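Survey of secondary and tertiary structure
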Amino acid sequence: MPEFIDNATFAAYFEGFEHTAWRLETRTGYASDRVGAKFHHFLETGGVPDDSHRPWCRNVQAQTARGKRIERVRIVDSPPTREQLFLLASAAVNISVGEDIRNLWRKDADKAGLPPEDFWLFDSRRALVLHFSDADEYLGAELVEDPTDVVRLCQIRDAARHYAFTREEFLSQVPSGT
């Protein structure tokens, strides 16, 4: 079992990075989304409220105003799961405050040899590998600083980013009946 960092340490990485924070999301859904009011609102209405006032968005605005980048690539199934459709809809708010969120079809991720692991990569020097249960429940984050492991994650980032589409480009590929 990996050693997990505590939540305060996890949060500190999003304020202390120097240049880039980058995430790969590979799961078909996340338990934390499914239990939230925002997800249930999406299921009922097909839309998401503007929650750009939440702490995550305020931090993204502050960090990007300093010239830093916060980016992610989300791998999406065909057809997308309801959780992935929710993330596509809710990404608009994150993008509006400065986060760069791109999407990649799972078949293309598989062709590129991307592994099914979720992680945050900070300044190409350290990573937080996220662990989940089979029920998509977040278990914790493992700090990775070994240069060989970090380089491998950087290579994954580079490949994912190369093949990923902006939200708008990706939405044009999602069937409207989905």
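Details of the structure are given in the entry above.
Here's a quick rundown of the structure. Note that the structure is predicted; figures quoted are calculated from it, not measured. (Residues numbered from 1 in each chain as written. Predicted model: local features only at pLDDT ≥ 70, side-chain atom pairs only at ≥ 80, totals over all residues. Heavy atoms only, no water.)

1. Regarding the pairing of strand E6 (residues 138-144)
Relative to E6, strand E5 (residues 126-132) is paired through six bridges, and the arrangement is antiparallel. Paired with alanine 127 across the bridge in E6 is valine 144. Between E5 and the antiparallel strand that follows it, E6, lie five residues; aspartate 136 among them carries a positive phi value of about 70°. (Pairing = 2+ DSSP bridges. Helix = DSSP H or I, 4+ residues; strand = E, 2+ residues; numbered from the N terminus.)

2. Quick look at the pattern of salt bridges
The full count for this structure, using the stated rule, is 22 salt bridges. With a shortest N-O distance of 3.7 Å, arginine 161 and glutamate 71 are connected by a salt bridge. Taken together, the residues arginine 161 in helix H7 (residues 147-163) and glutamate 71 in strand E2 (residues 69-76) connect sequence positions 90 residues apart. A salt bridge links lysine 107 to aspartate 108; the nearest nitrogen and oxygen atoms lie 3.4 Å apart. Each of Arg23, Glu25, Arg72, Arg74, Glu99 and Asp118 takes part in one network of salt bridges that share partners. (Salt bridge = Lys/Arg side-chain N within 4 Å of Asp/Glu carboxyl O.)

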